[in-house]
Amino acid sequence: MSKHILVVGGGVIGLSTAFEAARRGHRVTLLEQGRCGGQASGAAAGMLAPFSENGEGPDDFFLLCLASLRLYPDWQQAVKDASGLTFEYSNSGSLNVVYHDSDLLALAGRAAWQQRFGSPPEIVQGAALRALEPALSTAVRAALYHPDESHIYAPDYVRALEAACRRGGVRILERLGEVRIGMPEDERAYVTDAQGQIYEGDCLVICNGAWAGALQEPLGLQLPVYPIRGQICAYELAEPGTVRHMVFGSQGYVVPKANGTLVCGASEDVAGFDTSVTERGIGRLLNWNHRLYPFLEQLQPYHRWAGLRPATQDGYPLLGKLPGRRQLVMAAGHYRNGILLSPVTAQAAIDLIEERTPRVSLGRFAPERFSRLAVR
Ligand code: FAD
Ligand code: GLY
């Protein structure tokens, strides 16, 4: 049965959720306090990298990330078809590099558990490593190569999602100021914008990223969500193709884009909701970048920016219905992986609204998990 779904937040999670809802035939109103894509989502490097971002082991979060990577080929095509816009989606593969023999054991440990999931990763060294990535510093001792990891151009992807939503009939309302959530304990959901305008729907999906912590009081739940600033920069390469893969090291990552730029990120700062760029933050990246690619020592980034990752206390997203409020779904706190997780989150959120069982296990991501801990 078609419902009227309110979505609060116009980042990648809100737009993906609205897109998925509209293509399943629901009526959707998306409410954004500022501009769609104006926060973390427009700032992201766009890596779709579940293996590189999860080195520890195959927990439910890794499986969620992997499920989303697998959805991407069809999902990104659906967004392109529905929007009439295009954006880069590259299956470049990735390299996780180490500088010392003593780190080889850790790489082998990751390879051992990760080989059960998709194309097996491979430890590459010497001539094989130089053949894959010729410009890499000779100080790099070895790398774990993941052929399946991909990336997209995040700002273009978000613009295409917004266009796909508009074309699909989603009503997008921007610059509303802080939208406040009512306490929807009955059958209807409602929110109020900064001017006092009330919007009603059958249900509500909360996709307010790093701002989710503000809902602790109105929802009566512990919601430990914090902004973690990521400072990031991009170089213009004289010869596009000099860097071929996404490359991760202990200090950051680089992502070569099809337009000839090299995106290098990113800091992890506790700075509240401040999105400024600092000399110190970018300086640390620059020092690391040329240890990875010596030719970068001669270059200065042409662009520097920052965004606020929505981090939760345990690093996992808040994804699920809220107890006692079956018309309210939370989809926030995606921290370092919201671009990657956008398709799986959107599908799971709308499955929950439709009272279907999502294909992925969500128990670990229950939004009320911190409140359960607090009463023990
Ligand atoms: P946001 O994009 O922040 O959107 C939330 C929206 O909600 C905002 O537009 C905000 O204005 C709105 N909002 C908040 N409160 C209200 C309210 N009360 N009323 C109305 N609207 C409200 N992820 C990856 O997967 N791969 C990467 O390579 C990657 N790289 C990154 C690099 C950097 C430097 C940063 C900062 C992040 C990166 N991320 C990456 C993480 C990713 O950007 C985030 O996880 C993702 O964008 C979160 O999406 P979101 O929609 O939840 O949040
Ligand atoms: N996932 C990359 C970042 O958050 O910087």
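The rules behind each value
Residues numbered from 1 in each chain as written. Chains lettered and ligands numbered in written order. Predicted model: local features only at pLDDT ≥ 70, side-chain atom pairs only at ≥ 80, totals over all residues. Heavy atoms only, no water. Pairing = 2+ DSSP bridges. Helix = DSSP H or I, 4+ residues; strand = E, 2+ residues; numbered from the N terminus. Near = heavy atom within 4 Å. Polar contact = N/O pair within 3.5 Å; in protein donor to acceptor, adjacent residues only side chain to side chain. Areas by Shrake-Rupley, 256 points an atom, 1.4 Å probe, with all protein chains shown as cover. Nonpolar A, V, L, I, M, F, W, Y, C, P; charged D, E, K, R; others polar. Salt bridge = Lys/Arg side-chain N within 4 Å of Asp/Glu carboxyl O. Buried < 20%, exposed > 50% of the residue type's maximum accessible area, 1.4 Å probe, protein only. Axes fitted to C-alpha atoms, helices over the stretch in contact; angles between N-to-C directions. Contact = heavy atoms within 4.5 Å. Phe/Tyr/Trp six-rings, centres within 6.5 Å; stacked < 30°, edge-to-face > 60°. Lys NZ or Arg CZ within 6 Å of the ring centre and 35° of its normal.

1. Quick notes on the sheet that holds strand E12 (residues 198-201)
Part 1: Taken together, 3 strands build an open sheet; the order of strands is E10-E11-E12 and the sheet is antiparallel. Strand pairing shows two members of the sheet lacking a second neighbour, strand E10 (180-181) and E12, which therefore form its edges.
Part 2: Here strand E11 (residues 189-192) pairs with E12 via 4 bridges, running antiparallel. Paired with Tyr190 across the bridge in E12 is Glu200.

2. A word on the site of ligand 1
Part 1: Around ligand 1, the structure places 36 residues, and the nearest of them are Glu32, Ser41, Met47, Tyr335 and Leu340.
Part 2: In the model, an oxygen atom of ligand 1 is placed 2.8 Å from a nitrogen or oxygen of the Tyr335 main chain.
Part 3: One of the backbone nitrogen or oxygen atoms of Asn337 is found 3.5 Å away from an oxygen atom of ligand 1.
Part 4: Taking 1,000 Å² as the accessible area of ligand 1 by itself, protein coverage stands at 98%.
Part 5: Sorting the residues of the shell around ligand 1 by element identifies helix H1 (12-23), helix H2 (40-43), strand E14 (225-236), strand E18 (303-312) and helix H10 (338-353) as the ones contributing at least two each.
Part 6: A per-class count over the shell around ligand 1 returns 18 nonpolar, 14 polar and 4 charged.

3. Let's talk about the pattern of salt bridges
Part 1: Per the stated rule, a full pass over the model turns up 22 salt bridges.
Part 2: The closest approach of N and O atoms between Glu162 and Arg166, which form a salt bridge, is 2.8 Å. In this pair, Glu162 and Arg166 are both assigned in helix H7 (residues 154-167), 4 residues apart and thus about one turn of the helix distant.
Part 3: Taking the relative accessible area as the measure of exposure, Glu162 reaches 15% and is therefore buried.
Part 4: Ionic contacts of the salt-bridge type, sharing partners, join the residues Glu20, Arg23, Arg24, Asp351, Glu354 and Arg356 into one network.

4. A word on unusual backbone geometry
The phi torsion of most residues other than glycine is negative, and most of the peptide bonds are trans.
Part 1: The omega torsion of the bond from Gly265 to Ala266 falls at -25°, within 30 degrees of zero and hence cis.
Part 2: Looking at the secondary structure, you find Ala266 in the loop between strand E17 (261-265) and helix H9 (279-292).
Part 3: Of note, Arg175 is a non-glycine position whose phi angle comes to about 55°, a positive value.
Part 4: Within the element layout of this structure, Arg175 appears in the loop between strand E9 (171-173) and E10.
Part 5: Looking at Arg175, the relative accessible area reads 60%, which means it is exposed.

5. Remarks on the sheet that holds E9
Within a sheet, each strand pairs with its neighbour through backbone hydrogen bonds, oriented either parallel or antiparallel.
Part 1: On the basis of which strands lie adjacent, the open sheet formed by 6 strands has the order E9-E2-E1-E13-E20-E19 and mixed pairing. Both outer strands of the open sheet, E9 and strand E19 (318-322), are each paired with one neighbouring strand and no more. Averaged over all neighbouring strand pairs, the angle between strand axes comes to 15°, with direction disregarded.
Part 2: By the bridge criterion, 5 bridges tie E19 to strand E20 (residues 325-332) in an arrangement that is antiparallel. Bridge pairing links Leu322 to Arg325 in E20.
Part 3: Set on the sheet, H10 makes contact with strand E1 (4-8), strand E13 (203-206), E19 and E20; between it and E20 the angle comes to about 175°.

6. Comments concerning the side chain of Ser83
Part 1: Locating Ser83 in the fold gives a position in helix H4 (residues 60-83).
Part 2: With relative accessibility at 5%, the residue Ser83 sits in the buried group.
Part 3: Once residues within four sequence positions are removed from consideration, Ser83 is found in contact with Ala160, Ala163, Ala164 and Arg167.

7. Overview of the site of ligand 2
Part 1: Lining the immediate environment of ligand 2, one finds Met47, Glu53, Tyr253, Ala266, Arg309 and Arg336.
Part 2: Within the side chain of Tyr253, one N or O atom sits 2.7 Å away from an oxygen atom of ligand 2.
Part 3: Residue Arg336 places a main-chain N or O atom 2.8 Å away from a nitrogen atom belonging to ligand 2.
Part 4: In isolation ligand 2 exposes 200 Å². Once the protein is present, 88% of that is buried.
Part 5: Classifying every residue of the shell around ligand 2 by side-chain character gives 3 nonpolar, no polar and 3 charged.

8. Observations regarding the packing of aromatic side chains
Part 1: Across all of its chains, the model carries 14 aromatic pairs by this definition.
Part 2: Each ring, one from Phe61 and one from Tyr316, has its centre 5.4 Å from the other, and the planes form 50°; the classification is tilted. One end of the pair, Phe61, is in helix H4; the other, Tyr316, is in the loop between E18 and E19, and 255 residues separate them in sequence.
Part 3: Relative accessible area serves as the criterion here: at 8%, Phe61 is assigned to the buried category.
Part 4: Looking at Tyr316, the relative accessible area reads 15%, which means it is buried.
Part 5: One aromatic cluster in this structure is built from Phe51, Phe62, Trp113 and Phe117.
Part 6: Seen from the ring of Phe87, Lys80 lies directly overhead, with NZ or CZ sitting 4.8 Å from the centre.
Part 7: Above the plane of the ring of Tyr99 lies Arg291, whose end atom (NZ or CZ) is 4.5 Å from the centre.

In short, geometric facts, not functional conclusions.
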